[in-house]
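Architecture and fold: a report
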Amino acid sequence: MADTTFHLKVVTPERIFFEAPVEMVEFNTTEGELGIYANHVPLTVIVSPGVLTITTSEGEKKAALHAGFAEILQDKVTILAELIEWPGEIDENRATAAEQRARERIAARDDGVDLDRAEVALKRAIARIQALK
Amino acid sequence: MASMRDIKRRRAGVESTGQITKAMKLVSTVKLQRAKERALRSKTYFHSMYLTVKSLLSKSGNVDSVYTTKQETSQKAVIVITSNRGLAGGYNSNVVKLITQSDFKKEDLDIYAIGKKGRELLERRGYHIEEEMSDLMEEFEYADTMKICERITHRLEKGEIGEIYLAYTNFKNTVSHIPTLIKLLPILPEDELIGDDEDDDDDDLIMNFEPEDTDALKMIIPKYVSSLLYGALIEATASENGARMQAMDNATNNAEEMIASLTLKYNRARQGSITQELTEIIAGAEAIS
């Protein structure tokens, strides 16, 4: 069997977030959840807020991935992340409060409330909380 | 001829100014280094972004979206990046000149000013300042540029503005900074894409897009635009410090030159007064004998 690892690079405009050979990577896209092993079909997807799970030979790593897009090639995956955080960088209390607030806003359904924005905020908060677990 | 005391005082003044400009030059040099490092760190991101958008556009030539078609309104948004502080030579006025000397009509423009100097210069010339975000020049993160772009592209989507431009200073190298005016949106098919074109590995892989090309384009283009803005901010910071470094270097050199010529003048005046005193003493002695 061919090599089961592939090269994963997660870059943000400010830093190189992660770069190493990995076995599998999972994250949310606009079309649903996606898990990638080596030798995937070339694909470009848009990220939607969720947990990024990186599986390497040493174990699993999680991060909250909020926005960006990913370019998948057979032996290389590049995630261009606009916003991404390691669990250590997340403030749990703030995330919980943000979730609460977003839920209230969606429930209220006032005219003044931007529903799309509230939904994105909710998704982000949930992604953060999940990444912490 | 000025008196010895005047020249001495003047020289002391020039000397202390020279010290200040020298210190400012050192500060800008350090800041320039930092800005350059930052630019290097984000290079990978921009390059991948550029390649992706390029391949997307080449695949889906005629996409019917506000981002890729001409709008009816002639109203334009211009993001102007200048510095908050002066003493940087022609840095700020060069960027402002791009706008005042362009073909744009004054009434058509909504200025989004990043940098106090640019805002002041344009306001004085009667341009409409839609928004000022000068705090960004002190410190900015990618998230900030995302928010700005969201606001402006939102106005484009609503049809309030037809085009979005960006005026900033391109950092070519330490000594050469080029004031640049680029069009961010809409991206028309005949336009060249902005980005660095180096080591363009054109492997003929067939890339699939999920969602479909057109939808993907709609989602990626705002990201592309905000990454351009972020890159421009980094370059502008580097250019600002580069320009200030040069201006301060010139000022320091001029101060040194002035000190040299003042020292010469001072010595001449001193010599003159000694000669005069001697002549007077000799003349006095002769008169007595």
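The structure under discussion appears in the preceding block.
By convention here, each chain's residues receive numbers from 1 onward along its written sequence. To label them, take the chains in the order written and letter them from A, then take the ligands in the order written and number them from 1. Confidence filtering applies because this is a predicted model: local features only for residues at pLDDT of at least 70, side-chain atom pairs given and counted only at 80 or more, and all residues used for totals across whole chains, interfaces and linings.

What follows covers the overall build of chain A. What counts as a helix is a DSSP run of H or I of at least four residues, what counts as a strand is a run of E of at least two, and both are numbered from the N terminus. When you go through chain A residue by residue, the secondary structure sums to two helices and eight strands. Along chain A, helices and strands appear, N-terminal first, in the series β-β-β-β-β-β-β-β-α-α. For the C-alpha atoms alone, the extent of chain A along its principal axes is close to 55 × 25 × 25 Å. Any residue surrounded by 20 or more other C-beta atoms within 10 Å of its C-beta is treated as buried, while 12 or fewer makes it exposed and the intermediate range makes it partly exposed; C-beta atoms here are placed from the backbone. Counting only residues that meet the buried cut, chain A has 34% of its 133 residues in that class. When contacts within chain A are restricted to residue pairs at least 6 apart in sequence, long-range pairs at least 24 apart make up 48% of them. Two residues form a contact once the distance between their C-beta atoms, set from the backbone, is within 7 Å.

Okay, the overall build of chain B next. Secondary structure summary: chain B contains six helices and six strands in total. Secondary structure of chain B in N-to-C order comes out as α-α-β-α-β-α-β-α-β-β-β-α. Long-range pairs, those at least 24 residues apart, make up 77% of the contacts in chain B with a sequence separation of at least 6.

The subject of this paragraph is the interface of chain B and chain A. Residue-level contacts link 23 residues of chain B with 22 residues of chain A. The dominant element in the side of chain B that touches chain A, judged by the number of residues it contributes, is helix α6 (residues 213-288) of chain B, at six residues. Pairing between strands is defined by DSSP: at least two bridges between them are needed. Across three bridges, the pairing between strand β5 (residues 43-47) of chain A and strand β6 (residues 208-210) of chain B is parallel. Bridge pairing in β6(B) places A:Leu43 opposite B:Asn208.

Strand pairing within a sheet occurs via backbone hydrogen bonds; the two strands may be parallel or antiparallel. Residues and elements named next belong to chain B. Reading across from one edge, β3-β2-β1-β4-β5 is the order of the five strands in this open sheet, with mixed pairing throughout. The open sheet is flanked by β3 (129-132) and β5 (177-185), the only strands paired with a single partner. Each strand of the sheet is rotated relative to its neighbour by a mean of 20°, with strand direction disregarded. Alignment of strand β2 (residues 109-114) against β3, held across three bridges, turns out to be parallel. Across the sheet, the residue bridging to Ala-113 is Glu-132, located in β3. In this analysis, axes come from line fits to C-alpha atoms, helices being fitted only over the stretch in contact, and the angle between any two N-to-C directions falls in the range 0 to 180 degrees. The strands touched by helix α3 (residues 91-100) are β1 (76-81), β4 (163-171) and β5; relative to β4, the strand with the most contacts, the crossing angle is about 150°.

Bringing the nonpolar core into the picture now. All names here are of chain B. What makes a nonpolar core is a set of buried Ala, Val, Leu, Ile, Met, Phe, Trp, Tyr and Cys residues, with links drawn between C-beta atoms within 7 Å. Counting residues in each nonpolar core, the largest one holds 91 residues, and the members touching the most others are Val-78, Ile-79, Val-80, Ile-81, Ala-167 and Leu-229. With 18 residues, α6 is the single largest residue contributor to this core. Contacts of Leu-229, omitting those with residues within four sequence positions, involve Ile-79, Thr-145, Ile-148, Cys-149 and Leu-166.

Okay, the packing of α3(B) against helix α4 (residues 116-124) of chain B next. When two helices pack together, their arrangement is given by the angle between the helix axes and the distance between those axes. Residue and element names in this part refer to chain B. One way to put it is that α3 packs onto α4 with a least axis distance of 10 Å and a crossing angle of 45°. With respect to their mutual orientation, α3 and α4 come out oblique. Remark: the crossing between α3 and α4 carries right-handed chirality. Contact with α3, carried on its side by Asn-92, Ser-93, Val-95, Val-96 and Ile-99, involves Lys-117, Gly-118, Leu-121 and Leu-122 of α4 and no other residues of that element. Note on angle classes: values under 35 degrees are labelled roughly parallel, values over 145 roughly antiparallel, values of 65 to 115 roughly perpendicular, and the remainder oblique. Helix crossings are classified by the rotation of the near helix relative to the far one: an anticlockwise turn of less than a right angle makes the crossing left-handed, while a clockwise turn makes it right-handed.

Moving on to α6(B). Across its 76 residues, α6(B) extends 109 Å between first and last C-alpha, which sits within 8% of the 112 Å expected from 1.5 Å per residue. Fitting one axis to the seven residues ending at a residue and another to the seven starting there, the bend at that residue is the angle between the two axes. Of all the bends found along α6(B), the most pronounced is centred on B:Ile220 and spans about 30°, while B:Pro222, a proline, follows it within four residues. One less than the number of residues in a helix, times 1.5 Å, gives the span that helix is expected to have.

Looking now at the packing of helix α1 (residues 4-41) of chain B against α6(B). Residues and elements named next belong to chain B. Interhelical geometry of α1 versus α6 gives an angle of 160° and a closest axis separation of 7 Å. In terms of axis orientation, α1 runs roughly antiparallel to α6. For the crossing formed where α1 meets α6, the hand is left-handed. Partitioning the contact of α1 with α6 into residue classes produces 18 nonpolar, eleven polar and 15 charged. Any residue outside Ala, Val, Leu, Ile, Met, Phe, Trp, Tyr, Cys, Pro, Asp, Glu, Lys and Arg is labelled polar, Gly included; the first ten of those are nonpolar and the last four are charged.

Successive residues of a regular strand alternate their side chains across the two faces of the sheet. All names here are of chain A. With four of five residues buried, β5 is to be regarded as a mostly interior element. Relative to strand β7 (residues 59-72), β5 runs antiparallel, the two sharing five bridges. Bridge pairing in β7 places Thr-44 opposite Glu-71.

Take the environment of A:Leu115 next. Of note, A:Leu115 is situated in helix α2 (residues 115-132). C-alpha separation for the pair A:Leu115 and A:Ala102, spaced 13 residues apart in sequence, amounts to 9.3 Å.

Residues and elements named next belong to chain A. Burial within strand β8 (residues 76-85) is extensive, with eight of its ten residues counted as buried. In terms of strand pairing, strand β1 (residues 6-11) meets β8 through five bridges, oriented parallel. For Val-11, the partnering residue across the bridge sits in β8 and is Leu-80. Sheet analysis places β7 next to β8, joined by eight bridges and oriented antiparallel. Paired with Glu-71 across the strands is Thr-78, a residue of β8.

Quick look at unusual backbone geometry now. The phi angle at A:Asn39 is positive, at roughly 65°, despite the residue not being glycine. Summarising the element assignment, A:Asn39 is placed in the loop between β4 (32-36) and β5. Overall, the presence of 12 C-beta atoms within 10 Å leaves A:Asn39 in the exposed class. The phi torsion at B:Leu87 lies on the positive side, around 55°, for a residue other than glycine. For B:Leu87, the location among the structural elements is in the loop between β1 and α3. Overall, B:Leu87 belongs to the partly exposed group, with 15 C-beta atoms counted inside 10 Å.

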